[in-house]
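Each chain, written out:
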Amino acid sequence: MRSTPLVVLILALASSAQAFPRSPQVPVPGSSLPNLLNAQGQTIDVATQQQDAQTFAGLNVGIPVGLQFLIHPIGSPQGSLFLYDASDPGPAPAVFAIAPAAMLPGWFTTVRFDFSPLRIIVNVFDQNSTLQGTTVYPGAAAFLMGLAVAGPAATFYSQDARNSDQRAHMLFYRGTGPHLSDAWLCVEDQAAEG
């Protein structure tokens, strides 16, 4: 990852999130990321505690399981966060917006996957938890999903192989302390230097 600040640092509350350590761990130069996580009360070693969460599934074939999580942008996000079908073999899979870059400080979204009927429901709330809008994506199922961030300079995918340079631009960490069941998604601010 580059040594520049992050475009998005998102706290996604998902108590069922499970991942194994990323291997190998991605070098994280500089102090921007540890400082930002420390400011949120986290004790995460950004160089050794990365999780391999390039994809996730919220539904199992034959055993539908509901999945819901919250997204709280931290810092000054410059990009929008999307879900995409990670099983799509194409270079540009269809995306579903789950956290627009235009959200004001304190705003957050909830993302819910329903299985009857299959759909993704995204609610946007302001800093007072007042609903500001709802988007429904009919037919979208959480069988194998990935995350993408479209920023001012590039689009980065949670699956490293989908990125134009095939390198990691998103890192995931398990929360600590009061955020123990949470996942932190950390994304670079620009395309990597050649």
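Thresholds, definitions, all that
Residues numbered from 1 in each chain as written. Predicted model: local features only at pLDDT ≥ 70, side-chain atom pairs only at ≥ 80, totals over all residues. Heavy atoms only, no water. pLDDT = per-residue confidence, 0-100. Helix = DSSP H or I, 4+ residues; strand = E, 2+ residues; numbered from the N terminus. Contact = heavy atoms within 4.5 Å. Buried < 20%, exposed > 50% of the residue type's maximum accessible area, 1.4 Å probe, protein only. Salt bridge = Lys/Arg side-chain N within 4 Å of Asp/Glu carboxyl O. Phe/Tyr/Trp six-rings, centres within 6.5 Å; stacked < 30°, edge-to-face > 60°.

The next point concerns the confidence of the model for the protein chain. In the predicted model, the protein chain carries a mean pLDDT of 81, and the fraction of residues at 70 or more is 82%. Strand β9 (residues 131-138) holds the highest mean pLDDT among the elements of the protein chain, 96, whereas strand β1 (residues 6-13) holds the lowest, 46. Contacts of residues 1-9 to residues separated by more than four positions or lying in other chains number 51 contacts, the stretch itself having pLDDT below 50. Low pLDDT, under 50, characterises residues 13-17; the predicted model gives this stretch 10 contacts beyond four residues in sequence or across chains.

Next up on the list: the environment of Phe56. Note that Phe56 resides in the loop between β3 (50-52) and β4 (67-74). Note on Phe56: relative accessible area 23%, which makes it partly exposed. The spacing of Phe56 and Ala19 is 37 residues in sequence and 8.9 Å in space, taken between C-alpha atoms. In contact with Phe56, not counting residues within four places along its chain, are Leu67, Phe69, Leu83, Phe113, Phe143, Leu144, Met145 and Leu147.

What follows concerns the pattern of salt bridges. Scanning the model with the defined rule gives three salt bridges in all. Across the pair Asp114 and Arg112 runs a salt bridge, and its minimum N-O distance is 2.9 Å. Classification of Asp114 by relative accessible area gives buried; the value is 14%. Note on Arg112: relative accessible area 30%, which makes it partly exposed. Across the pair Arg119 and Asp114 runs a salt bridge whose closest N-O atoms are separated by 3.0 Å. One salt-bridge network, held together by shared partners, links Arg112, Asp114 and Arg119.

Another aspect to go through is the packing of aromatic side chains. Scanning the model with the defined rule gives four aromatic pairs in all. Ring geometry for Tyr84 and Tyr157: centres 5.2 Å apart, planes at 90 degrees, overall edge-to-face. One end of the pair, Tyr84, is in strand β5 (residues 80-85); the other, Tyr157, is in strand β11 (residues 155-157), with 73 residues separating them in the sequence. Of the two residues examined, Tyr84 and Tyr157, each falls in the buried class. Look at Phe108 and Phe125: their rings are 5.1 Å apart centre to centre, the planes differ by 15 degrees, and that puts the pair in the stacked class. With Phe108 in strand β7 (residues 108-115) and Phe125 in strand β8 (residues 118-125), the pair connects residues that are 17 residues apart, well separated along the chain. What makes Phe125 buried here is its relative accessible area of 16%.

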